[in-house]
Amino acid sequence: WDVSHPAFPPADINVEKAHDAFINRIQSPKKYRSVIIRYWQYAAAILLLPLILSVSYLLYERSQLLAEVTYQEVFSPYGTHSMLNLPDGTVAWLNGGSSLRYPTVFHQGKRNVTLSGEAYFEVESDKENPFIVETHNIKVRATGTAFNVEAYEKDSIISVTMVEGLIDVTFGNTHPILMKPGERMAYNLNTSRYKIKETDPYKWYAWKDGMMIFRDDPLEDVFKKRGQ
C-alpha cells in the first residue's frame, strides 16, 4: 500500500484543476442530453414534411373513393309493381314498366334518384339533405313527405300528386313551384305549360295497393292504366 500510494505533500495538490475536472464531470451528462434533444428536433423537422404529404395523400384518396358512387337500378315489369327500401330509409313503390336508379349510399347533401315511369315515394325526413326525384324533364324536391310521380318517357304529360308534407317542382330553369297535399300538377311537354288542381290523392296512387280507381276519366287514360 505504501509503495502504490506514496505520500505526497498537500501543497502539491492543484485545487483549481481538480475543481475544473469535477465541474466537467458534472456538466458532461447535460451536454450529452442537449445533443440528443437537438438530434431528435432535427429528425422531427425532417420527418414532418413527409408526414404532412402522406396525410394529405390519404385524405385525397379517401375523398376520391367517396366521390366514386356506386349506383343500383331496379326495374318493375309491366303488369306488376315493386316496393324497395332506399339507403336513407325512404320507401318507394314502382308501377309496371318503371325503373328507378339510385346510389347504394347517399352522401352528405345528396339524396338524388332518377325515375322513368311511375313511382310513389314515402320520403324519410331530413331537412339538411333534400330528397330529389329527377325525370327526363322535371325535378321534384322534398325533405320528408309522400307523393306520386308519373313520368313515362312515351307520354307527353308528366304528373305529380301530393299526399303529405310539402314539395317543390322545377321544370328546366324555372323557379320551383310549391305544392301542397291534395294537389295534382300536370305538365305538358309539348306546350311547356302546367296546371294544378285539387284532387283525391289516393285515386292516383291506389295502384301500389293493387287497385285502380277511375272517376270521370277519359277512356284513353283507362286503357293506359290497364296496360301498366
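Residues numbered from 1 in each chain as written. Predicted model: local features only at pLDDT ≥ 70, side-chain atom pairs only at ≥ 80, totals over all residues. Heavy atoms only, no water.

J.: When you look at the overall build of the chain in this model, what are you seeing that I'm missing?
T.: Scanning the chain from N- to C-terminus turns up three helices and 13 strands. Only carbon and sulfur atoms are counted for the fraction: they give 57% of the accessible area of the chain, which is about 15400 Å². (Helix = DSSP H or I, 4+ residues; strand = E, 2+ residues; numbered from the N terminus. Areas by Shrake-Rupley, 256 points an atom, 1.4 Å probe, with all protein chains shown as cover.)

J.: What am I meant to see in the pattern of salt bridges here?
T.: Any two side chains of opposite charge can pair, on the condition that their charged atoms come close. Counted under the stated rule, the structure contains four salt bridges. In this structure, the salt-bridge partner of Arg111 is Asp88, at a minimum N-O distance of 2.4 Å. Here Asp88 lies in the loop between strand 2 (82–85) and strand 3 (91–94) and Arg111 lies in strand 5 (residues 111–122), a separation of 23 residues in the sequence. Of the two residues examined, Arg111 and Asp88, each falls in the buried class. (Salt bridge = Lys/Arg side-chain N within 4 Å of Asp/Glu carboxyl O. Buried < 20%, exposed > 50% of the residue type's maximum accessible area, 1.4 Å probe, protein only.)

J.: Whenever I open this one, the packing of aromatic side chains confuses me. Can you help?
T.: One pair of aromatic rings is described through two measures. These are the centre distance and the angle between the planes. Applying the stated criterion to the full structure yields seven aromatic pairs. Where Phe121 meets Phe131, the ring centres are 5.7 Å apart and the plane angle is 55°; that geometry is what we call tilted. You can see Phe121 sitting in strand 5 and its partner Phe131 sitting in strand 6 (residues 131–134), a full 10 residues away along the chain. Side by side, Phe121 and Phe131 carry an identical accessibility label, which is buried. Taken together, the ring pairs in this structure connect Trp93, Tyr120, Tyr202 and Tyr205 into an aromatic cluster. The positively charged end of Arg101 is found above the aromatic ring belonging to Tyr71, 4.0 Å away from the centroid. The side chain of Arg184 reaches across the aromatic face of Trp204, ending 3.5 Å from its centre. (Phe/Tyr/Trp six-rings, centres within 6.5 Å; stacked < 30°, edge-to-face > 60°. Lys NZ or Arg CZ within 6 Å of the ring centre and 35° of its normal.)

J.: Can you walk me through the nonpolar core in this structure?
T.: Note that soluble globular proteins tend to have their nonpolar side chains buried in a common cluster. Core analysis: the biggest nonpolar cluster contains 31 residues, and Leu100, Val113, Phe121, Val140, Phe147, Ile167 and Val169 have the highest contact counts within it. Among the elements that make up this core, the one with the highest residue count is strand 5 (four residues). Look past the residues within four positions of Leu100 in its chain and what remains in contact with it is Gln72, Glu73, Val74, Leu84, Leu86, Ala92, Leu94, Val113, Thr114, Leu115 and Phe121. Grouped together as the second largest cluster of nonpolar side chains are seven residues, Val91, Trp93, Tyr120 and Ala146 included. (Core = buried A, V, L, I, M, F, W, Y, C linked by side-chain atoms within 4.5 Å. Contact = heavy atoms within 4.5 Å.)

J.: It is not clear to me how a nonpolar patch on the surface should be interpreted in this structure. Could you clarify?
T.: The grouping of Leu48, Leu51 and Ile52 at the surface amounts to a nonpolar patch, some 290 Å² of accessible area in total. Within the element layout of this structure, Ile52 appears in helix 1 (residues 15–67). (Patch = residues over 30% accessible without salt bridge, like charges linked within 9 Å, V, L, I, M, F, W, Y side chains within 5 Å.)

J.: How should the environment of Glu183 be read in this particular structure?
T.: Note that Glu183 resides in strand 12 (residues 183–188). For the pair formed by Glu183 and Thr161, sequence separation is 22 residues and the distance between their alpha carbons is 6.0 Å. Separated by 3.0 Å, the side chain of Glu183 and the backbone nitrogen of Lys180 make a polar contact. (Polar contact = N/O pair within 3.5 Å; in protein donor to acceptor, adjacent residues only side chain to side chain.)

J.: What should I look at first to understand the pairing of strand 7 (residues 138–142) in this one?
T.: In summary, the side chains of a regular strand alternate between the two faces of the sheet. Residues Ile138, Val140 and Ala142 line the buried face of strand 7, whereas the alternating positions Lys139 and Arg141 sit on a face that is not buried. In this structure, strand 6 lies alongside strand 7, joined through four bridges in antiparallel fashion. Bridging from a neighbouring strand, Ile132 pairs with Arg141 of strand 7. Once strand 6 ends, the chain turns through three residues before running back antiparallel as strand 7. (Pairing = 2+ DSSP bridges.)

J.: Help me understand unusual backbone geometry, please; the structure alone is not making it clear to me.
T.: Only a minority of non-glycine residues have a phi that is not negative, and only a minority of peptide bonds are not trans. In this model, Ser192 sits at a positive phi of 60°, which is unusual for a non-glycine residue. Secondary-structure assignment places Ser192 in the loop between strand 12 and strand 13 (193–198).

J.: How should the pairing of strand 3 be read in this particular structure?
T.: A two-sided burial pattern is seen for strand 3, the buried positions comprising Val91 and Trp93 on one face and Ala92 and Leu94 on the other. As judged from the four bridges shared by strand 2 and strand 3, these two strands associate in the antiparallel manner. Of the residues in strand 3, the one forming a bridge with Ser82 is Leu94. Hairpin connection, strand 2 to strand 3: the antiparallel pair is bridged by five residues, and Gly89 has positive phi, about 100°.

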